[in-house]
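Residue-level listing of the chains:
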Amino acid sequence: MADSGSPGGETLLFLTDEQLRKGIEAMFFAYRAFTADPDRLLEEHGYGRAHHRALHFINRQPGLTVTTLLAVLGVTKQSLNRVLRTLIEDGLVESRVGKRDKRERRLHLTEAGEALERALSEAQRGRMRAAYRAAGPQAVAGFRQVLEAMMGPDLHKLYQMMKDE
């Protein structure tokens with residue numbers, strides 16, 4: 001893994017500050033493009049990115065507990081409660097009492113919540129699919145490795161938990 005195989009032949013272990021800066025800027029602009037379409041739809045509904053993230057992870061793991069969602073999102077209870085209260089009041093999320101532990105609140109999307117989540121994610125999936133196709137399988141695998149390496153052990157554990165579901 002000493003050489004990236006790029007035309008410039010940069011050595012991955014010895015990136016210059018300028019090369020790192022370009023990577024940081026590319027990530028910034030890619031994230032901006034990745035969130036642009038959902039942001040427009042969220043704005044139409046009076047929601048923000050926190051609402052999108054909550055819908056995404058509840059959709060990804062129906063029955064997710066509030067405690068787990070707190071850990072995954074890395075937000076305060078107060079912040080998450082505001083988001084969940086809005087989504088529940090608007091009929092997008094249901095909070096159900098746990099079957100084994102009555103103190104648990106398990107989160108599920110309603111049909112309307114599933115429809116909004118699907119619309120929010122549709123453009124992002126399309127953008128990812130097109131980028132992955134253009135970059136090729138080796139680049140996709142490398143990109144995923146870089147993202148996972150940036151997470152650190154605690155976040156990687158949460159990511160792995162969601163990925164394995």
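Residues numbered from 1 in each chain as written. Predicted model: local features only at pLDDT ≥ 70, side-chain atom pairs only at ≥ 80, totals over all residues. Heavy atoms only, no water.

Per an unreviewed UniProt entry, the protein is named MarR family transcriptional regulator, and its organism is Thioclava pacifica DSM 10166.

A.B. asks: With reference to specific residues and values, describe the pairing of strand E3 (residues 105-109).
C.D. replies: The pairing of strand E1 (residues 64-65) with E3 spans two bridges and is antiparallel. Within E3, the residue paired with Leu64 across the bridge is Leu107. The sheet contact formed by strand E2 (residues 93-97) and E3 spans five bridges and is antiparallel. The partner of Arg96 across the bridge, within E3, is Arg106. (Pairing = 2+ DSSP bridges. Helix = DSSP H or I, 4+ residues; strand = E, 2+ residues; numbered from the N terminus.)

A.B. asks: How would you summarise helix H5 (residues 111-135) if you had to cite specific residues and measurements?
C.D. replies: Between its first and last C-alpha, H5 extends 35 Å over 25 residues, near the 36 Å set by a 1.5 Å rise per residue. In the structure, H5 departs most strongly from a straight axis at Ser121, where the bend amounts to approximately 30°. At its buried positions, H5 is contacted by helix H1 (17-45), helix H2 (49-60) and E3. Of the residues flanking the end of H5, it is Gly136, one or two places downstream, whose phi is positive at about 95°. (Expected span 1.5 Å × (residues − 1). Bend = angle between axes of the 7 residues up to and from the residue. Contact = heavy atoms within 4.5 Å.)

A.B. asks: So what's going on with a positive patch on the surface? Residues and values would help.
C.D. replies: On the surface, Arg118, Arg125, Arg129 and Arg133 cluster together into a patch of positive charge. Position of Arg133 among the secondary structure elements: in helix H5. Arg133 gets classed as exposed once you look at its relative accessible area, which sits at 66%. (Patch = residues over 30% accessible without salt bridge, like charges linked within 9 Å, V, L, I, M, F, W, Y side chains within 5 Å. Areas by Shrake-Rupley, 256 points an atom, 1.4 Å probe, with all protein chains shown as cover. Salt bridge = Lys/Arg side-chain N within 4 Å of Asp/Glu carboxyl O. Lys, Arg positive; Asp, Glu negative; His and termini not counted. Charge placed at Lys NZ, Arg CZ, Asp CG, Glu CD. Buried < 20%, exposed > 50% of the residue type's maximum accessible area, 1.4 Å probe, protein only.)

A.B. asks: Summarise the pattern of salt bridges; cite the residues concerned and give the values.
C.D. replies: Tallied over the entire structure, the rule returns seven salt bridges. Here Glu94 makes a salt bridge to Arg96, at a shortest N to O gap of 2.7 Å. Judged by its relative accessible area of 33%, Glu94 falls in the partly exposed class. As a salt-bridge pair, Arg106 and Glu104 come within 3.2 Å of each other at their nearest N and O atoms.

A.B. asks: Give me the lowdown on the packing of helix H3 (residues 66-73) against helix H4 (residues 77-89), citing residues and values where you can.
C.D. replies: The N-to-C vectors of H3 and H4 enclose an angle of 115°; their axes lie 10 Å apart at closest approach. Classified by the angle their axes make, H3 and H4 are roughly perpendicular. Considering the relative orientation of H3 and H4, their crossing is right-handed. Only Lys77, Leu80 and Leu84 of H4 make contact with H3, whose side of the interface consists of Val66, Leu69, Leu70 and Leu73. (Axes fitted to C-alpha atoms, helices over the stretch in contact; angles between N-to-C directions. Parallel < 35°, antiparallel > 145°, perpendicular 65-115°, else oblique. Left-handed = near helix turned anticlockwise from the far one by under 90°.)

A.B. asks: I'd like to hear about the sheet that holds E2, residue by residue, with values.
C.D. replies: Reading across from one edge, E1-E3-E2 is the order of the three strands in this open sheet, with antiparallel pairing throughout. Looking at the sheet topology across the chains shown, the edges are occupied by E1 and E2. The sheet strands contacting H2 are E1, E2 and E3, and the helix crosses E3 at an angle near 95°.

A.B. asks: How would you explain the UniProt feature "domain: HTH marR-type" (unreviewed entry) in the protein if you had to name every residue and give the values?
C.D. replies: As annotated in UniProt, the feature "domain: HTH marR-type" (unreviewed entry) corresponds to residues 17-152 in the numbering used here. Spanning residues 17-152, this segment combines 76% helix with 9% strand, and its end C-alpha atoms are found 21 Å apart. (UniProt positions renumbered as here; feature names shortened; annotations may be inferred.)

A.B. asks: A description of the packing of aromatic side chains should follow, citing residues and the corresponding values.
C.D. replies: In the structure shown here, the tally under the stated rule is one aromatic pair. Look at Phe28 and Phe29: their rings are 5.1 Å apart centre to centre, the planes differ by 80°, and that puts the pair in the edge-to-face class. (Phe/Tyr/Trp six-rings, centres within 6.5 Å; stacked < 30°, edge-to-face > 60°.)

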